[in-house]
Structures are given as structure tokens and as C-alpha cells.
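Structural overview for review
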Amino acid sequence: MLVNIDGKLLPKEKAMISVFDHGLLYGDGVFEGIRAYNGKVFRLTQHLDRLYDSAKAILLQPPLTKSAMRAEILRTLAANGLKDAYIRPLFTRGQGDLGLSPTLCGKPTYIIITDLIRLYPDATYRDGLALITVPTRRNVSEALSPKIKSLNYLNNILAKIEAGQRGALEAILLTQDGYVAECTADNLFILRKGRLLTPPTWQGALEGVTREAVLELASQARLVAAEEPITRYDVYTAQEAFMTGTAAEIVPVISLDGRAIGSGLPGPVTKKLMAGFRALTRAGGDAISASRRRVRP
Ligand code: PMP
């Protein structure tokens, strides 16, 4: 597997960066998670927009333009002969002396890792997932906006650890004032009283690309959908629930904190949206070209 570091395609074992990179020392950088299906990258524009918005929010000047980054992603996939893949582009602040200030760094680095995708087992999509609420709260927007996909994911990692400690695969993080924010790396939807609801992102969720696609599918299916604050009570008493994310796609959720949601089985609306989303991922996207030539920024 070849990894792209600043335009150089290096074998995985040789793909290394300095221990003085501020991405490692301070989590100073941003990243994305993207999928390719059958030779086409799903919603690459939206992912690139989010990557560059994250960079802007942390005042990191990307070392290449958005269109050059797009070309580099496609080139890396082609070089690895991948048609179905998980793609991890990232920007780090770059190599620098010890000390927090980015002025100590030379220039930002970009990295593109492409890999095979590891999904939840088939049974999870068929039978659904049990969630719990964990003690760690979602980052407060005023301290570090959860809309930034930064290289510091400790908030989410702690929640994931806490879920594991209690035997759960996934968890819900609440906002400071006790509303449902999202899962550790996925957005959450519920169907309640016939309406499809997901928390508004200003409350502390990432603006998920899959979330957006599901809202589009809901509108095409003439489902009433809304971005509305949700409490745990709303989830407990929902008819259906599911998580959305690039890696996970749509995963049915069948319980929260030991309370079965609806019938305790994946519901019909969830299944319909899963089928719709699958069709959407197969429908189009940026084609992975055979070109291995480097495009200069
Ligand atoms: N929330 C968080 C915290 C995430 O890291 C992700 C995955 N990138 C998501 C939600 C889902 O977003 P997307 O559908 O764009 O993958």
C-alpha cells in the first residue's frame, strides 16, 4: 500500500513523518474520512470543503489547493489499484521546534492514506446495535468546535473507551446541557411520532456528509424530517433510531441504556433509508483515474 506524503508515494513501511511534527506533539492538524465505492469517490467535494473549512478554522494554510488535493487523492487511489476504499487525507501543522506556536513550524504537511474498509459485521446491519450514554460530554463549541475534524479526537476516544468498559460497541455523547449530541464518530437520527429527527449541528455534532445525504433521501421519500434538539427520553421512546457515518454508513440502533427502541429490531424506515443510501453510493462520484502523474499545486 502506497501512502502519499507531500506528493511522494511511499510504501507503507517507509511512510513516516518527523516526531517534531506538531500534528503528533499537539494534535495540531485536521483530517477527513472518505469512501470510494466501485471506482468512484462518494461526495468528494463535500469532504474536501469540510477539510478546507476545518483547516481555515484552525488558521492552517493548506500546502496545496483544493483541486490539487482532489487530484492527489484520485492519484493515490489509482496507484494502489483501489476501487473500494477508505480514504484518510490530513493536514498537519508541520515540523517545528517544541512549543505550541505554529510559527515554530516550517510548512504544513499533507498525507493521504488509502486503505481497505473495515465495516461492522453483517449481523450489526441486520440486527442493529445497542447504545449506551457515556459520562464524557461532547466538546463545548466555545472551547473547540466539534465541527472541526481536528487531529485531537480525545473527546470521542474517551467516549469510545467508556462504551467499551461497559461492554457496548458505541455510545451517545450528550451536550453540556444534557441533549443528545451524536455518537463517537457518527451522527444520530430517530424516528419519533412519524418524524425523522436529528440534533442540529450547533448543539455539538459534526456536519456529517452521510447525515446530509440521509436528509436528502428523507425529503425525496416525502418523510417529515427536522433538525431538532433531542433528549435521551426522545430516543428511549422513539419508534426507530440509526447512526450515520462514512465508515459505518447507516447502522440501525435497537436500544439505548437498556431501553429497547420501538420493537427492538431495525425498523422499516431505517431499512428503506439504508437501501436508498446504498443505491446513492453506487450511483456516482469522482472517478478514480488511471493517471499516476503528479499534479502540481
Ligand atoms: N461525527 C463525528 C464526530 C465523526 O467523526 C464522523 C465521521 N467523520 C461523523 C459524525 C459522521 O460524518 P460523515 O458522515 O461525514 O462521515
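**Thoughts on the overall build of the protein chain**
When its secondary structure is counted, the protein chain shows eight helices and 17 strands. Principal-axis analysis of the C-alpha atoms gives the protein chain an extent of 55 × 45 × 30 Å. Considering the protein chain as a whole, with its 297 residues, one finds that 53% of them fall into the buried category. As displayed, the protein chain has an accessible area near 14,000 Å², and 56% of this comes from carbon and sulfur atoms.

**Things to note about a nonpolar patch on the surface**
Taken together, the side chains of Val19, Phe20, Leu24, Leu25, Tyr26, Leu98 and Leu100 present a nonpolar region at the surface, about 700 Å² in accessible area. Along the chain, the position of Val19 falls in the loop between β2 (8–11) and α1 (22–26).

**A word on the site of the ligand**
As a structural note, the neighbourhood of the ligand is formed by 17 residues, with Lys149, Tyr153, Glu182, Thr210 and Thr246 the closest of them. Separating an oxygen atom of the ligand from a side-chain N or O atom of Tyr153 is a distance of 2.6 Å. If the ligand stood free it would expose 380 Å²; the protein chains cover 96% of that surface. Comparing atom positions with the cavity grids shows the ligand to sit within the largest pocket.

**Points about the side chain of Asp234**
Locating Asp234 in the fold gives a position in helix α7 (residues 232–236). Overall, Asp234 belongs to the buried group, its relative accessible area being 15%. In this structure the side chain of Asp234 is engaged in a polar contact, spanning 2.9 Å, whose partner is the backbone nitrogen of Thr231. The residues contacting Asp234, other than those within four sequence positions of it, are Ile190, Arg192 and Pro229.

**So, empty space enclosed by the protein**
One pass over the full model with this rule turns up two cavities of 30 Å³ or more. Here the largest cavity is characterised by a volume of approximately 60 Å³. Lining the largest cavity we find Arg138, Asn139, Leu144, Ser145, Pro146, Ile148, Ser150, Asn152, Tyr153 and Asn156. Residue composition of the lining of the largest cavity, grouped by class: four nonpolar, five polar and one charged. The volume enclosed by the second largest cavity comes to roughly 30 Å³. Arg35, Tyr37, Phe42, His47, Val209, Thr210, Thr246 and Phe277 together form the lining of the second largest cavity. Secondary structure elements with two or more residues in the lining of the second largest cavity: β4 (34–37) and α6 (209–220). Looking at the lining of the second largest cavity residue by residue, the classes come out as four nonpolar, three polar and one charged.

**Quick look at the pairing of strand β15 (residues 249–256)**
Of all eight residues in β15, eight are buried, a share of seventy percent or more. Alignment of strand β8 (residues 129–133) against β15, held across three bridges, turns out to be parallel. Paired with Leu131 across the bridge in β15 is Leu256. Where strand β14 (residues 240–245) and β15 come together, five bridges link them in antiparallel fashion. The residue bridging Phe242 from the neighbouring strand is Pro252, located in β15. Counting the residues that bridge the hairpin from β14 to β15 gives three residues. Note that β15 and strand β16 (residues 259–260) share two bridges and pair antiparallel. Looking at the pairing, Ser255 lines up with Ala260 of β16. If you look at the hairpin formed by β15 and β16, you'll find two residues sitting between the two strands, and Asp257 has a positive phi there, around 50 degrees.

**A look at the domain arrangement of the protein chain**
Split by domain assignment, the protein chain resolves into domain 1 (2–117) and domain 2 (122–282). Computed from C-alpha atoms alone, the centre-to-centre distance between domain 1 and domain 2 is 26 Å. At the interface, 24 residues of domain 1 touch 20 residues of domain 2. When domain 1 packs against domain 2, close to 1,800 Å² is buried across both sides, 64% of that on carbon and sulfur atoms.

**So, the packing of aromatic side chains**
Scanning all chains against the criterion turns up six aromatic pairs. Between Phe42 and Phe277, the aromatic rings sit 5.5 Å apart at their centres with planes inclined by 85 degrees, giving edge-to-face as the arrangement. In this pair, Phe42 sits in the loop between β5 (40–41) and α2 (44–57) while Phe277 sits in helix α8 (residues 268–283), placing the two residues 235 residues apart along the sequence. Overall, the relative accessible area of 3% leaves Phe277 in the buried class. Each member of the aromatic cluster is reached from another via a ring pair, and the members are Tyr37, Phe42 and Phe277. Residue placement shows Arg259 over the ring face of Tyr236; its charged tip is 4.1 Å from the ring centre.

**Quick look at the environment of Met1**
Within the element layout of this structure, Met1 appears in the segment before β1 (2–5). Taking relative accessible area as the criterion, Met1 reaches 40% and is therefore assigned partly exposed. Sequence separation between Met1 and Ala205 is 204 residues; the distance between their C-alpha atoms is 33 Å.

So, how was this worked out
- Residues numbered from 1 in each chain as written.
- Predicted model: local features only at pLDDT ≥ 70, side-chain atom pairs only at ≥ 80, totals over all residues.
- Heavy atoms only, no water.
- Helix = DSSP H or I, 4+ residues; strand = E, 2+ residues; numbered from the N terminus.
- Buried < 20%, exposed > 50% of the residue type's maximum accessible area, 1.4 Å probe, protein only.
- Areas by Shrake-Rupley, 256 points an atom, 1.4 Å probe, with all protein chains shown as cover.
- Patch = residues over 30% accessible without salt bridge, like charges linked within 9 Å, V, L, I, M, F, W, Y side chains within 5 Å.
- Salt bridge = Lys/Arg side-chain N within 4 Å of Asp/Glu carboxyl O.
- Near = heavy atom within 4 Å.
- Polar contact = N/O pair within 3.5 Å; in protein donor to acceptor, adjacent residues only side chain to side chain.
- 1 Å grid on protein atoms, 1.4 Å probe; cavity = no way out; pocket = protein on both sides within 12 Å on 5 of 7 lines; lining within 4 Å.
- Sits in = over half its atoms within 2 Å of the grid points.
- Contact = heavy atoms within 4.5 Å.
- Points joined across faces, edges and corners; volume = space filled by probe spheres on them.
- Nonpolar A, V, L, I, M, F, W, Y, C, P; charged D, E, K, R; others polar.
- Pairing = 2+ DSSP bridges.
- Domains from an automatic or database assignment.
- Buried area = accessible area lost by both parts, 1.4 Å probe.
- Phe/Tyr/Trp six-rings, centres within 6.5 Å; stacked < 30°, edge-to-face > 60°.
- Lys NZ or Arg CZ within 6 Å of the ring centre and 35° of its normal.

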